[in-house]
Structure formats: structure tokens, C-alpha cells
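Structure at a glance
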Amino acid sequence: MRDAINGVLEGTEFEAVLGSGQSRADGDGTLANRLATRCGVWIGQDEHSCEQYGDEIAAAVADVLERRL
């Protein structure tokens with residue numbers, strides 16, 4: 001998923017990175033993991049990246065999830 005997001009962010013000032021510490025993707029404290037029955041997806045974005053690339057990022061995430069279902 002990170003690679004798919006970075007594909008749409010290529011050439012921008014943004015880069016998707018995996019969380020670390022308490023924000024790591026597989027952390028028990030990550031809200032998406034506490035709410036999900038099997039696994040969760042949490043994508044943190046600042047306001048600027050969301051406004052500029054939110055639709056593209058959402059489409060990249062949906063594409064990855066669609067291929068895995």
C-alpha cells in the first residue's frame with residue numbers, strides 16, 4: 001500500500017512511510033487495529049497532502065484492497 005501511495009505521490013514533496021513506535025501499522029495501539037475484526041488500515045495525512053492528493057491516495061488504496069479481496 002505504501003508503494004502504491006508513493007506511486008501517486010511521485011514527483012511531489014510528500015512520501016508515504018511506515019509508522020514506527022506506537023504508530024506502527026501493526027501496533028496494538030493503532031486505532032484501526034483496535035476497531036478492525038481482522039486487520040486495519042491507517043493512513044495519516046496532513047491537511048495539505050489530503051487537500052492536494054486525497055482522491056489519488058484513496059484511489060491507490062482502493063486499488064490495492066480490491067486486488068487483495
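This text follows the structure it describes.
Before going into details, it helps to say that this report is about the structure given with it. Values in this document were obtained by computation on a predicted structure and should not be read as measured data.

Turning our attention to the overall build of the protein. When helices and strands are counted, the protein shows three helices and zero strands. Starting at the N terminus and walking to the C terminus, you meet the elements of the protein as α-α-α. Across the 69 residues in the protein, those meeting the buried criterion constitute 20%. Looking at the protein alone, contacts between residues at least 24 apart form 49% of all its contacts between residues at least 6 apart. As displayed, the protein offers around 5500 Å² of accessible surface, 48% of which is attributable to carbon and sulfur atoms.

With that settled, the discussion passes to the packing of aromatic side chains. Counted according to the given criterion, the structure contains one aromatic pair. For the pair F14 and Y53, a centre-to-centre distance of 5.8 Å together with 70 degrees between the ring planes defines the contact as edge-to-face. Of this pair, F14 sits in the loop between α1 (2-9) and α2 (31-35) while Y53 is found in helix α3 (residues 47-68), placing the two residues 39 residues apart along the sequence. As far as burial versus exposure is concerned, F14 and Y53 are alike and both buried.

The periodicity of an α-helix, 3.6 residues per turn, causes residues three or four positions apart to be oriented the same way. In the structure, α3 departs most strongly from a straight axis at Y53, where the bend amounts to approximately 80 degrees. Within the sequence span of α3, burial applies to S49, Y53, G54, I57, A60, V61 and V64. Where the residues of α3 are buried, they touch α1.

Applying the stated rule across the entire model yields two salt bridges. Linking D3 and R2 is a salt bridge whose minimum nitrogen-to-oxygen distance equals 3.4 Å. Looking at R2, the relative accessible area reads 36%, which means it is partly exposed. Note that D63 and R67 form a salt bridge whose closest N and O atoms lie 3.2 Å from each other. Highlighted residues: D63 and R67, both in helix α3, separated by four residues, approximately one helical turn. Its relative accessible area of 59% is what places R67 among the exposed residues.

Conventions adopted
- Position numbers for residues start from 1 in each chain and track the written sequence from start to end.
- Per-residue local features of the predicted model are confined to residues with pLDDT of at least 70, and side-chain atom pairs are confined, for both listing and counting, to 80 or more; whole-chain, interface and lining totals are unaffected and use all residues.
- Working from all heavy atoms in the structure, the side-chain values ignore hydrogens and water.
- Helix numbering and strand numbering both begin at the N terminus, where a helix is a DSSP run of H or I of at least 4 residues and a strand a DSSP run of E of at least 2.
- With a 1.4 Å probe rolled over the protein chains alone, any residue whose accessible area is under 20% of its type maximum counts as buried; one over 50% counts as exposed, and the rest are partly exposed.
- Contact between two residues is taken to exist if any of their heavy atoms lie within 4.5 Å; hydrogens are not considered.
- All accessibility values rest on the Shrake-Rupley procedure with a 1.4 Å probe; residue burial counts only the protein chains present in the view.
- Each Phe, Tyr or Trp ring, with Trp reduced to its six-membered ring, pairs with another whose centre is within 6.5 Å; inter-plane angles below 30 degrees give stacked pairs, above 60 give edge-to-face pairs, and intermediate values give tilted ones.
- Consider a residue and the seven residues that end there alongside the seven that start there; fitting an axis to each set, the bend is the angle between those axes.
- Basic side-chain nitrogens of Lys or Arg form a salt bridge, by our definition, when they fall within 4 Å of a carboxyl oxygen of Asp or Glu.

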